[in-house]
Structures are given as C-alpha cells and as structure tokens.
Amino acid sequence: MSDASSKPTPIGLPTIPRMGWRQLDYLPVGLFASVMGLTGLSFAWRLAEAHYGAPALLADAIGWAAVAAFVVMTIGYTVKLVTAPDAVLAEFRHPIAGNLFGTLLISLLLLPIVLAPIHLRLAQGMWVLGAVGMLAFAWAIVTRWLSERQVAAHATPAWIVPVVGLLDLPLALPSLGLPHTHGVMVLGLSVGLFFAVPLFTMIVSRLLFDAPLPSALQPSLLILVAPFAVGFATYVTTTGTVDLFAEALYALMLFMLAVLMPRLRHLPRSCPFRVSWWAVSFPLAASATTALRFAAAEPGLATDAVAVMLLAGSTIVILGLLARTLLGLAKGELRTLSS
C-alpha cells in the first residue's frame with residue numbers, strides 16, 4: 001500500500017521535493033524581525049567602533065547579513081503571497097500575527113542606516129517606501145482597533161509593533177540627507193510615545209490578570225523594552241540632546257530588562273526553538289545601541305560596563321538565533337519552527 005508521496009509524477013511535470021519550496025507557505029511575516037535585529041546590531045557595532053575602536057569588519061559583516069536576510073525574506077514571502085494568498089490574508093487578519101506585518105515596514109526604515117554609505121539613492125527610496133507604508137499601516141491598525149470590539153487576551157506585546165513602531169521613522173534620517181524631515185521626526189516621536197503609554201498599560205494588565213502567554217510567545221515579552229530603548233534613540237535623534245527625559249527612558253529600559261530577562265532564562269529548556277524567538281533580537285540590539293549612545297554622552301565606568309555587557313549579550317543571542325534558524329531552514333523545518 002503506497003501513500004500520496006509515493007505516487008508517480010506525471011510525465012512533463014517536475015518533481016517537487018518533499019517540504020521543498022512549499023514550506024514557504026508556513027513562512028511567518030514576523031520573521032522580518034530577523035532583519036530588524038541584525039540591522040540594529042550592525043548599528044550598535046558601528047557605535048562601538050566609534051567609541052571603543054571595535055573592528056569595522058564586524059559592523060559591515062552584520063550589516064550585509066541584514067541585507068541578505070531582507071532579500072531572502074522578501075523573495076520567500078513574495079512566493080508565499082503568490083502560492084498561498086489565503087494564508088497571507090489570514091495572517092494579516094489575525095488579531096495578533098497581523099500586527100507583525102509592521103516588521104517588514106520597520107525593516108525598510110532601518111536598512112537605510114546600513115545602505116546609505118553604499119547607495120544613498122537606494123537608501124532614500126527604501127526609507128520613503130517604509131515611511132509611507134508604516135504610516136498607512138499604523139492608521140489601518142488603529143482604525144481596526146477602534147472599529148471592532150477587541151478581546152483582552154489578544155493584547156500581547158505584538159500590539160506595540162504597528163503604532164509604537166513609528167518611533168523608528170527618524171532613526172535613519174540623519175544619514176539620508178532628505179530635506180524638510182523634522183516634522184516627520186516629530187510625528188514619529190509623538191505618536192509612537194503617545195500610543196506606547198496605553199498599549200503598555202493594556203498589555204501589562206493582560207499579563208497580570210489573564211492566562212500566561214504560550215511558551216512560544218514568551219520571547220515577545222522583550223518587545224516591552226522597545227518603547228524605552230527606541231524611544232531614547234528617537235528622542236535624542238530628534239532633539240539632538242541627552243536631557244533628563246532621555247535619561248528617564250534609559251533608566252526605564254534598564255529596569256524593564258532587569259524584570260524581563262530572568263523570565264526568559266529557562267526558555268531554551270521549556271520550549272523548543274521557534275522563529276518567534278526572533279522577537280527578542282531588535283529589543284536587545286536597540287538596548288545595546290541606547291546604552292552605547294548614553295555611555296558616549298555620560299562617560300563613566302558604570303555606563304561603559306552596561307554598554308559593553310548589552311552589546312556582548314545581544315551579539316551572542318542574535319548570532320545564536322541566526323545559526324539555529326539557518327540550520328532549521330536547511331533541514332526543512334520551517335513548518336515546525338513556525339508553529
């Protein structure tokens with residue numbers, strides 16, 4: 001008795017390897033978080049090069065890895081869009097996963113930091129596309145929230161991505177040379193920080209009074225660090241100064257890291273690896289970047305120690321995630337890793 005996989009292939013049709021390109025049907029849009037994490041880590045090492053004399057090769061290599069990840073993810077998700085449009089639509093309509101389409105748009109906002117020194121026009125075009133897309137996506141998500149009754153259990157850290165993700169609008173602008181962008185920077189800063197407050201409150205309330213997040217979603221808790229880490233970077237980029245408010249964001253970032261990191265230390269033993277673990281990458285990279293910028297503004301043994309520790313820790317975690325993801329993809333485990 002034979003199964004479907006042993007049936008002969010009709011003459012003239014190519015043989016499709018089991019779990020070959022069809023595994024892209026299971027490619028989650030949230031895996032664009034890998035691009036965000038690698039880009040953020042590249043920028044962190046660029047700051048370490050400027051402040052501590054770190055080798056430029058590290059920032060360059062990680063930056064090119066981010067570009068490669070973006071190209072591969074874009075091709076893969078385009079294939080999914082063509083071959084499984086219903087799966088893409090269902091993902092977009094999902095009350096939690098749908099928010100992660102913002103990771104694609106944030107990738108477009110961050111990659112110009114890497115690309116600007118190489119091809120300024122490409123970087124500018126990519127940023128404009130990401131900015132327009134991010135503003136439209138944030139508007140669509142807030143409209144959906146206000147038009148439909150929401151379920152409290154769906155208030156997970158992924159909700160931060162669509163609107164608080166506007167904080168990423170200003171980050172690449174200093175290297176792009178675009179005119180009349182101050183208003184855009186203020187827009188991203190104000191809307192991102194304004195929505196961070198109620199969303200953070202709702203998510204913490206859900207974590208306190210509702211069922212715990214599934215093990216595979218536990219890494220997304222680190223997204224709660226992002227409003228403070230990215231908020232610091234955006235505020236300093238927009239205002240050009242590290243003042244009391246910036247110091248407060250830095251302190252809140254460190255406090256949230258101290259609260260959340262111990263919760264994740266047992267994760268590798270309690271839950272098999274999933275690509276959702278990439279949710280930790282950008283918050284960690286952004287925290288390292290913030291610590292490095294704060295150490296440059298307020299030099300001292302303590303600030304330098306925090307910066308070096310966060311840079312080393314985020315590098316180890318992100319490169320570990322990259323290695324494990326590549327291994328899983330090579331073994332055709334995408335369906336399992338995405339579950």
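Residues numbered from 1 in each chain as written. Predicted model: local features only at pLDDT ≥ 70, side-chain atom pairs only at ≥ 80, totals over all residues. Heavy atoms only, no water.

Caption draft 1: Region of the structure containing unusual backbone geometry. In the Ramachandran plot, His180 falls in the positive-phi region, its phi being about 55° despite a non-glycine side chain. Note on placement: His180 falls in the loop between α6 (160-164) and α7 (182-209). On the basis of relative accessibility, which here comes to 80%, the residue His180 falls in the exposed class. (Helix = DSSP H or I, 4+ residues; strand = E, 2+ residues; numbered from the N terminus. Buried < 20%, exposed > 50% of the residue type's maximum accessible area, 1.4 Å probe, protein only.)

Caption draft 2: The pattern of salt bridges, seen in detail. Here the structure, examined in full by the defined rule, presents 3 salt bridges. Note that Glu49 is salt-bridged to Arg46, the shortest N-O span being 2.9 Å. One end of the pair, Glu49, and the other, Arg46, are both in helix α1 (residues 33-52), 3 residues apart, so they sit about a helical turn from each other. Classification of Arg46 by relative accessible area gives partly exposed; the value is 32%. Members of the salt-bridge network, linked through shared partners, are Arg46, Glu49 and Asp60. (Salt bridge = Lys/Arg side-chain N within 4 Å of Asp/Glu carboxyl O.)

Caption draft 3: Main features of the packing of helix α2 (residues 56-83) against helix α3 (residues 85-93). Contact geometry for α2 and α3: axes closest at 5 Å, N-to-C directions at 110°. Judged by the inter-axis angle, α2 sits roughly perpendicular to α3. Contact with α2, carried on its side by Tyr77, Lys80, Leu81, Val82 and Thr83, involves Pro85, Ala87, Val88 and Glu91 of α3 and no other residues of that element. Of the residues contributing to the contact of α2 with α3, the split by class is 6 nonpolar, 1 polar and 2 charged. (Axes fitted to C-alpha atoms, helices over the stretch in contact; angles between N-to-C directions. Parallel < 35°, antiparallel > 145°, perpendicular 65-115°, else oblique. Contact = heavy atoms within 4.5 Å. Nonpolar A, V, L, I, M, F, W, Y, C, P; charged D, E, K, R; others polar.)

Caption draft 4: Local environment of helix α9 (residues 244-264). For α9, built from 21 residues, the straight-helix expectation of 30 Å at 1.5 Å per residue is met to within 8% by its first-to-last C-alpha distance of 31 Å. Every buried residue belonging to α9 is among Ala246, Leu249, Tyr250, Met253, Met256, Leu257, Leu260 and Leu264, and all of these are buried. In this structure Asp243 caps α9, since a side-chain oxygen of it lies 3.2 Å from the backbone nitrogen of Phe245. (Expected span 1.5 Å × (residues − 1). Polar contact = N/O pair within 3.5 Å; in protein donor to acceptor, adjacent residues only side chain to side chain.)

Caption draft 5: Quick peek at the nonpolar core. In terms of nonpolar packing, the biggest core is built from 109 residues, with Trp45, Trp127, Val225, Met253 and Leu311 touching the most fellow members. At 10 residues, helix α5 (residues 120-147) tops the list of elements feeding residues into this core. With residues near it in sequence (within four places) discarded, Trp45 still touches Ala54, Leu58, Ala59, Ile62, Leu311 and Thr315. (Core = buried A, V, L, I, M, F, W, Y, C linked by side-chain atoms within 4.5 Å.)

Caption draft 6: The packing of α9 against helix α11 (residues 281-297), seen in detail. One way to put it is that α9 packs onto α11 with a least axis distance of 11 Å and a crossing angle of 140°. Judged by the angle between their axes, α9 and α11 are oblique. Considering how the two elements wind past one another, α9 and α11 form a crossing that is left-handed. On the side of α9, the interface is formed by Glu247, Tyr250, Met253, Leu257 and Met261, while α11 contributes Leu284, Ser287, Thr290, Ala291 and Phe294. Along the lines of polarity and charge, the residues of the contact of α9 with α11 split into 7 nonpolar, 2 polar and 1 charged. (Left-handed = near helix turned anticlockwise from the far one by under 90°.)

Limitation: the analysis is restricted to geometry and does not speak to function.
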